[in-house]
Amino acid sequence: MADLQLRDDVPAAADDGVWLACVECGETFAPFEAVRYTCDDCDGLLEVRYADLPTWDDFEGERSVWRYSDALPFDQGVSLPEGGTPLHRVPRLEESVGVDALRIKHEGMNPTGSFKDRGMTVGVRVAQEVGVDRLACASTGNTSAALAAYGARAGLETLVLLPAGKVAAGKVAQAALHGARILEVDGNFDRCLDIVQELAGRGEAYLLNSLNPFRLEGQKTIGLEMLEQFRDDYGEVPDRIVLPVGNAGNTAALYKCFRELVKAGALDAEEVPKLTGVQAEGAAPMVEAIEEGNDEVRRWEDVETIATAIRIGNPVNAPKALPGIRETGGTAVPVSDEAITEAQRDLAGEGVGVEPASAASVAGLRKLRERGGVDPDEQVVCLTTGHLLKDPDAAAAAGSDPEPVPDDADAVLDHLEG
Ligand code: F0G
């Protein structure tokens, strides 16, 4: 990695060696004295910084987000608990994609069925610290399900803004049952986020989208956990991590994870896995920026894909994520809805049930292998971000149809043989 800039200057206002820094201008802020999502001076994205960074020996306890508390702003959060997700072997898929090793880090196995729980266990803890009473997010679904559950756990009011008609059934059901107030906006996710940012700016609610830098601290533990698990089996870290990209929060979080490990001396800069982002063809502004070498991402006003979780035209974490993809030697690739569904079936054929957005990672890897962007000797981890049951309609459409049979054993056998 070319540039591993993490500023060392601990500001006077830092609480227990934790502070916020602007990724654009470097201005620093105390972490919990005020509600703040972006830089007061230049409106740049904020990042959590630590005076002391942990190494592998500092992590203790069973695999969960809070095993990595030395890399987080608190020792414990509002927990259900989260993390400790499997790193599946998928031998048939490994063979058909044609790489030396392929593992699936299945974040759909978190308590509400997506990686968002890792962010919320930290983010809702921070909400308690700063003393807010109403939490809010815009969401393509999973963030709203996680926020509703963690908000309920913490006894806080929760407000979620969803793009009307574009959120998978399982996610809406979760948000509803966990007691969130659900507002359906006549507009896409990006408009929902514009609105909720405005509400948060007016002090009406505490924003828990991935613009909130503390959410990404929790999501950073995907990287820590994955590297430990991969090392257990292979004795080294993977060459590449392939992940679906929406707002690019995970991309930013994994990049930060690696930078901190390198800075702590826990990972060699040359070992850092190549961050490889995948977007649906109909919602691919990050891919466009990478392919065209742009420093800024153009907002796409019209987005469409079967992978509704990543139906996003304005990836707000792009300023943090683009350098991550570039400096790790990774890339970004678009995939068709058909390829996403095919990959969803391939994963299901290995017993791993994921929602469409998750399958984009595998579809992207396959595409990169076919067109030569990934070498056959690479060891790869694909991140699958959400559970199959999040989007039962997509799963049913991708799977086999039920066959009606009479209520009689002989007739059932006739049907099977016929
Ligand atoms: N995969 C799933 C299943 C998601 O729900 C999301 C984001 C992503 C991938 C993209 O992750 O934003 O870190 O690049 N879902 C958000 C939501 C937007 O509202 O649930 P990212």
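Bear in mind that the values here come from a model prediction, so they are computed numbers and not experimental data.

Caption draft 1: Expanded view of the packing of aromatic side chains. In the structure shown here, the tally under the stated rule is 6 aromatic pairs. Here Phe-59 and Tyr-68 contribute two aromatic rings whose centre-to-centre distance is 4.9 Å and whose plane-to-plane angle is 75°, an arrangement assigned as edge-to-face. Taking relative accessible area as the criterion, Phe-59 reaches 6% and is therefore assigned buried. Take Tyr-68: its relative accessible area is 0%, and that puts it in the buried class. Sitting above the plane of the Phe-74 ring, Arg-125 keeps its charged end 4.1 Å from the centroid. When the ring centre of Tyr-255 is taken as origin, the NZ or CZ atom of Arg-259, which lies over that ring, is 4.7 Å away.

Caption draft 2: Focus on the pairing of strand β5 (residues 101–106). Extensive coverage of β5 is indicated by the burial of 6 of its 6 residues. With burial as the criterion, each face of β5 is covered, one bearing Ala-101, Arg-103 and Lys-105 and the other bearing Leu-102, Ile-104 and His-106. Bridge analysis of strand β4 (residues 87–89) against β5 gives 3 bridges, and the strand direction is antiparallel. By the bridge assignment for β5, Leu-87 is matched with Lys-105. Bridge count for β5 against strand β13 (residues 379–384) is 6 bridges, and the pairing is parallel. Residue pairing across strands places Ala-101 opposite Gln-379, the latter belonging to β13.

Caption draft 3: Representation of the pattern of salt bridges within the structure. Applying the stated rule across the entire model yields 32 salt bridges. Between Arg-118 and Glu-225 there is a salt bridge whose closest N-O contact spans 2.9 Å. Of this pair, Arg-118 sits in helix α2 (residues 116–130) while Glu-225 sits in helix α7 (residues 221–234), and the two are 107 residues apart along the sequence. Looking at Arg-118, the relative accessible area reads 0%, which means it is buried.

Caption draft 4: Highlighting the confidence of the model for the chain. With 96% of its residues at a pLDDT of 70 or more, the chain shows a mean pLDDT of 96. Taken together, the stretch residues 1–5 has pLDDT below 50 and engages in 14 contacts with residues farther than four places along the chain or on a different chain.

Caption draft 5: Region of interest: the sheet that holds strand β2 (residues 28–29). On the basis of which strands lie adjacent, the open sheet formed by 3 strands has the order β2-β1-β3 and antiparallel pairing. Each edge of the sheet is formed by a strand with only one pairing partner; in this case those strands are β2 and β3 (46–50). For strand β1 (residues 18–22) and β3, the ladder comprises 5 bridges, and the chain directions are antiparallel. Bridge pairing in β3 links Cys-22 to Leu-46.

Caption draft 6: A look at the packing of helix α9 (residues 285–292) against helix α10 (residues 318–327). Viewed as axis vectors pointing N to C, α9 and α10 meet at an angle of 50°, and their least axial separation amounts to 11 Å. By the angle class used here, α9 and α10 are oblique. Considering only the axes of α9 and α10, their crossing is right-handed. From α9, Met-286, Ala-289 and Ile-290 reach across to α10, where they touch Ala-318, Ala-321, Leu-322, Ile-325 and Arg-326. Looking at the contact of α9 with α10 residue by residue, the classes come out as 7 nonpolar, no polar and 1 charged.

Criteria and thresholds
Residues numbered from 1 in each chain as written. Predicted model: local features only at pLDDT ≥ 70, side-chain atom pairs only at ≥ 80, totals over all residues. Heavy atoms only, no water. Phe/Tyr/Trp six-rings, centres within 6.5 Å; stacked < 30°, edge-to-face > 60°. Buried < 20%, exposed > 50% of the residue type's maximum accessible area, 1.4 Å probe, protein only. Lys NZ or Arg CZ within 6 Å of the ring centre and 35° of its normal. Helix = DSSP H or I, 4+ residues; strand = E, 2+ residues; numbered from the N terminus. Pairing = 2+ DSSP bridges. Salt bridge = Lys/Arg side-chain N within 4 Å of Asp/Glu carboxyl O. pLDDT = per-residue confidence, 0-100. Contact = heavy atoms within 4.5 Å. Axes fitted to C-alpha atoms, helices over the stretch in contact; angles between N-to-C directions. Parallel < 35°, antiparallel > 145°, perpendicular 65-115°, else oblique. Left-handed = near helix turned anticlockwise from the far one by under 90°. Nonpolar A, V, L, I, M, F, W, Y, C, P; charged D, E, K, R; others polar.

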